[in-house]
Amino acid sequence: MFLRIAAILGILAVVIGAFGAHGLKPRLSEYQLAIFEKGVSYHFIHTLAMLGVAILIKGQVEQIWLVRAAWCFLIGIICFSGSLYLLACRDLIPFSVAFAGPITPIGGLFFIVGWAMLLKVDF
């Protein structure tokens, strides 16, 4: 399951990154574009982390810490990168995205917890 999720997240990272580089570049300020690119960067990094975890899960008896790390990476991508995408594009969105600001650090915390879960894995 996590291998498929990682594949979908990888596709989304490429599509969102290309959209930002080509579709949004003329509509965002330099600052907004930097925020958007930061979201794409963390999206890619943690998609690759999830891919690695998925490969480890596939090759071993399922270990709860690997599964928990994968879920944390997924939640982190949604919260951290998703909120940065919304915040960068807030001038283009017809509704308020003020809720996204507090979500960003929560996503970052999930990334940290996901990496920490890997410390518990018994290889």
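Here the structure is shown first, and the text comes after it.
Here we summarise the structure given alongside this text. (Residues numbered from 1 in each chain as written. Predicted model: local features only at pLDDT ≥ 70, side-chain atom pairs only at ≥ 80, totals over all residues. Heavy atoms only, no water.)

**A look at the side chain of histidine 46**
Here histidine 46 shows up in helix H2 (residues 30-59). Among all residues touching histidine 46, those that are not within four sequence positions of it are Phe73, Ile77, Phe111 and Trp115. (Helix = DSSP H or I, 4+ residues; strand = E, 2+ residues; numbered from the N terminus. Contact = heavy atoms within 4.5 Å.)

**Side note on the nonpolar core**
Counting residues in hydrophobic clusters, the biggest one holds 33 residues, and the most contacted among them are Phe2, Phe36, Met50 and Phe73. Looking at this core, the elements with two or more residues in it are helix H1 (2-24), H2, helix H3 (64-88) and helix H4 (100-118). Counting residues per element, this core draws most heavily on H3, which supplies 12 residues. Setting aside anything within four residues of it in sequence, one finds phenylalanine 36 in contact with Ile16, Gly20, Leu24, Tyr85, Ala88 and Cys89. (Core = buried A, V, L, I, M, F, W, Y, C linked by side-chain atoms within 4.5 Å. Buried < 20%, exposed > 50% of the residue type's maximum accessible area, 1.4 Å probe, protein only.)

**Quick notes on the packing of aromatic side chains**
Under the definition given, this model contains 6 aromatic pairs. On the basis of an interplanar angle of 45° and a centroid distance of 5.0 Å, the ring pair of phenylalanine 36 and tyrosine 85 is categorised as tilted. Placement of phenylalanine 36 in helix H2 and of tyrosine 85 in helix H3 is noted, with a sequence separation of 49 residues between them. This pair shows no difference in class: phenylalanine 36 is buried, exactly as tyrosine 85 is. Here a set of aromatic residues connected by ring pairs shows up, and it is made of Tyr42, Phe80 and Phe111. (Phe/Tyr/Trp six-rings, centres within 6.5 Å; stacked < 30°, edge-to-face > 60°.)

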